[in-house]
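What follows is each chain in one-letter form.
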Amino acid sequence: MQVAELELDDGGALRPGPGSPPVTHGEVFLLVRRGGRPVATLLGRVPEGADPRAVLTALARRHAGAGPEAVPTAVTVPFTSVVIATRERADRLAHALDSMLAQDHPDFEIVVVDNAPVTDATRVLVERKYAERVRYVTEPVPGLAVAHNTGLAAARGDVVAFTDDDVVADPRWLTELTAPFAADPGLGCATGLILPARLRTPAQVLLESHGGFAKGFTPRTYDSAGPPADEPLFPFTAGRFGSGANMAFRTGVLRAVGGFDPATGAGTLARGGDDLYGFVRVLAQGHRLHYTPRALVWHHHRETWQDLETQAYGYGAGLTAYLTAILVNRPALLPAFLARLPRGLAHARTLTAIRDTEGPDGAAGVPGGHDDRGHPWPRRLSRLQRKGMAYGPVGYLRARRAMRAASRGAVTSGVSGGGR
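These remarks concern the structure in this document. Here the structure is a predicted model, which is why all the values come from computation and not from measurement.

### As for the overall build of the protein
Reasoning step 1: In terms of helices and strands, the protein carries 11 helices and 13 strands.
Reasoning step 2: Residues counted as buried form 53% of the 420 residues belonging to the protein.
Reasoning step 3: Sequence-distant contacts in the protein: of pairs separated by 6 or more residues, those separated by 24 or more amount to 77%.
Reasoning step 4: Only carbon and sulfur atoms are counted for the fraction: they give 55% of the accessible area of the protein, which is about 18,200 Å².

Okay, here's the thing in structure tokens:
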């Protein structure tokens, strides 16, 4: 399936998505923009011999709706640190860094955290190609949350933004993600839109048809002082707020809550949940969280079925691991959690429900809306996600014990070394 973007204003320019070839006939996953800003995604088909731009423009005009409200051309943004944690993926990191250096944000720095490296490929890449614009930091302890905390400690910006080494950022990504902090002094966190860079394999299509990482095209602010009526599990359904590939925090706020729990996240026995943990901790401290679809990154989804199985299990584990981390670190939230537990279990069953991988007309599942649960999800992936949920609390507690043991070992080694 092809990935493309179409600007409806200013003549309707059609461009392929990052890493995608020029658009031809066939199925197209289309991002629609107005005034440069994302407003919708659509699924279209270009007949053989037809003009892709004409077909997709007509489709977008029928279904994309009105454009965004007018905004000032000059936007106030804070000095920002962009943190990218990476491990042995220098080729992909280079694409991510190129897109960072193309940002229109006027005042930012980039920090690359090389997490538990086994080669010097990342260091060599940064030093040879990006040394003047990128700071290189190593973190020997494996784990995404640990790496993010290292980046947080190194950050000099008033806001710290996090993204992954497998994304390509839109040129206005950082400006749109950080502008809300200047507008709202009570804002602690902002998240943005994540779309697929390409949909080349069945596994990538299936992940995006399951909802992908996107949270829709409606800006929204979450506030613990006024819980949303349509979110009865708030704030524990943190997956609704955004994802770690596109998030930013007021630096002082994130440091005040202790950063991310190092026993969560990819690379630990907990398998994930570090971003969700950060969202809830910031909200629980009385700060607001804002989601904006204007802050766009293109994400390279995993390509193989085995990758997708691993991801499904990790999502389930990360979900319950972060909940366990929240309750361990903030036991005062336990009554609120228990009050929401029955609905939470029902939500978990819906989230992992088996859904046919074919539509009513026999067509295979394709990317669709991001706020429904009518998308396909095969039995095996549902089973793996539920197994992950059952494992998550155990994985978190094991990861926590492992971190403590490693810390004690480091202290003992230091004491012994000092006596020699």
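### Description of the packing of aromatic side chains
Reasoning step 1: Overall, the coordinates contain 10 aromatic pairs when judged by the stated rule.
Reasoning step 2: Relative to F260, the ring of F249 has its centre 5.7 Å away and its plane inclined at 85 degrees; by these criteria the two rings are edge-to-face. Within this pair, whereas F249 is found in strand β12 (residues 246-250), its partner F260 is found in the loop between α7 (251-256) and α8 (274-284), the two being separated by 11 residues in sequence. Of the two residues, F249 and F260, both sit in the buried class.
Reasoning step 3: Lying over the aromatic face of F108, R133 brings its terminal NZ or CZ to 5.5 Å of the ring centre.

### Things to note about the pairing of β12
Reasoning step 1: With four of five residues buried, β12 is to be regarded as a mostly interior element.
Reasoning step 2: With five bridges joining them, strand β8 (residues 159-164) and β12 adopt antiparallel strand pairing. Note on β12: the bridge partner recorded for T163 is N246.
Reasoning step 3: Note: strand β10 (residues 187-196) against β12, three bridges, orientation antiparallel. Looking at β12, one finds that A190 is bridged to A248.

### A closer look at the packing of helix α2 (residues 90-101) against helix α3 (residues 121-130)
For any two helices packed against each other, one specifies the crossing angle of their axes together with the interaxial distance.
Reasoning step 1: It is the contact of α2 with α3, at a shortest axis distance of 10 Å, that shows an interaxial angle of 35 degrees. Viewed along their axes, α2 and α3 form a crossing whose handedness is right-handed. Residues A90, L93, A94, L97, D98 and L101 of α2 form the contact with α3, whose participating residues are A121, T122, L125, K129 and Y130.
Reasoning step 2: Looking at the contact of α2 with α3, its residues break down into eight nonpolar, one polar and two charged.

### Details of a nonpolar patch on the surface
Reasoning step 1: A cluster of nonpolar side chains, namely L334, L338, L341 and L345, defines an oily patch on the protein surface of about 330 Å² accessible area.
Reasoning step 2: Mapped onto the secondary structure, L345 falls in helix α10 (residues 334-351).
Reasoning step 3: Taking the relative accessible area as the measure of exposure, L345 reaches 45% and is therefore partly exposed.

### Some words on the sheet that holds strand β3 (residues 26-34)
In any sheet, the strands associate via hydrogen bonds between backbone groups, in a parallel or an antiparallel arrangement.
Reasoning step 1: Ordered by their spatial adjacency, four strands build an open sheet running β2-β1-β3-β4, and the pairing between neighbours is mixed. Edge positions in the sheet fall to β2 (14-16) and β4 (37-46), since each has one partner strand and no second. With direction set aside, neighbouring strand axes in the sheet form an average angle of 30 degrees.
Reasoning step 2: Strand direction decides the pairing type here: β3 and β4, joined by nine bridges, are antiparallel. Bridge pairing links E27 to R45 in β4.

### Topic: the packing of α8 against helix α9 (residues 305-329)
Reasoning step 1: Here α8 crosses α9 at 40 degrees, and the two axes come no closer than 9 Å. One finds that α8 runs oblique with respect to α9. Regarding α8 and α9, the two cross each other, and that crossing is right-handed. Across from L276, Y277, V280 and R281 in α8, the residues of α9 making contact are Y322, A325, I326 and N329.

### Some details on the pattern of salt bridges
Two side chains of opposite charge can pair, provided their charged atoms sit close to one another.
Reasoning step 1: This structure, assessed with the given rule, holds 22 salt bridges.
Reasoning step 2: For R172, the salt bridge identified is with D104, shortest N-O distance 2.9 Å. Placement of the pair is R172 in the loop between β9 (167-169) and α5 (173-183) and D104 in the loop between α2 and β6 (108-115), with a sequence separation of 68 residues.
Reasoning step 3: For R172, a relative accessible area of 25% gives the class partly exposed.

### Overview of α3
Reasoning step 1: Taken together, the buried positions of α3 are T122, L125, V126 and Y130. The arc that holds the buried residues of α3, viewed along the axis, is 95 degrees, so those residues lie on one side.
Reasoning step 2: Elements that come into contact with the buried residues of α3 comprise β5 (80-86), α2, β6 and β7 (134-139).

### Structural notes on the environment of G258
Reasoning step 1: The residue G258 is located in the loop between α7 and α8 in this model.
Reasoning step 2: Measuring from C-alpha to C-alpha, the distance between G258 and N149 comes to 8.8 Å, with 109 residues separating the pair along the chain.

### Details of the nonpolar core
Reasoning step 1: Residues V160, F162, F241, F249, L254, F279 and Y322 are the most contacted members of the largest nonpolar core, which totals 42 residues.
Reasoning step 2: Ignoring sequence-local partners within four residues, the contact set of L254 consists of L152, V160, F162, F249, G259 and F260.
Reasoning step 3: Within the second largest apolar cluster, 41 residues are counted, among which are V126, A161, A169 and L206.

### Regarding the side chain of N246
Reasoning step 1: Summarising the element assignment, N246 is placed in strand β12.
Reasoning step 2: Among residues more than four places away in sequence, those in contact with N246 are F162, W173, L177, A190, T191, G192, L193, I194, A295, L296 and V297.

### Structural notes on the side chain of E208
Reasoning step 1: Position of E208 relative to the elements: it lies in helix α6 (residues 202-209).
Reasoning step 2: For the buried residue E208, which engages in no salt bridge, the nearest side chain bearing the opposite charge is K215, 10.0 Å off.
Reasoning step 3: A distance of 2.7 Å separates the side chain of E208 from the side chain of H301, its partner in a polar contact.

Calculation rules
- Residues numbered from 1 in each chain as written.
- Predicted model: local features only at pLDDT ≥ 70, side-chain atom pairs only at ≥ 80, totals over all residues.
- Heavy atoms only, no water.
- Helix = DSSP H or I, 4+ residues; strand = E, 2+ residues; numbered from the N terminus.
- Buried < 20%, exposed > 50% of the residue type's maximum accessible area, 1.4 Å probe, protein only.
- Contact = heavy atoms within 4.5 Å.
- Areas by Shrake-Rupley, 256 points an atom, 1.4 Å probe, with all protein chains shown as cover.
- Phe/Tyr/Trp six-rings, centres within 6.5 Å; stacked < 30°, edge-to-face > 60°.
- Lys NZ or Arg CZ within 6 Å of the ring centre and 35° of its normal.
- Pairing = 2+ DSSP bridges.
- Axes fitted to C-alpha atoms, helices over the stretch in contact; angles between N-to-C directions.
- Left-handed = near helix turned anticlockwise from the far one by under 90°.
- Nonpolar A, V, L, I, M, F, W, Y, C, P; charged D, E, K, R; others polar.
- Patch = residues over 30% accessible without salt bridge, like charges linked within 9 Å, V, L, I, M, F, W, Y side chains within 5 Å.
- Salt bridge = Lys/Arg side-chain N within 4 Å of Asp/Glu carboxyl O.
- Parallel < 35°, antiparallel > 145°, perpendicular 65-115°, else oblique.
- Arc of directions from axis to C-beta.
- Core = buried A, V, L, I, M, F, W, Y, C linked by side-chain atoms within 4.5 Å.
- Lys, Arg positive; Asp, Glu negative; His and termini not counted.
- Polar contact = N/O pair within 3.5 Å; in protein donor to acceptor, adjacent residues only side chain to side chain.

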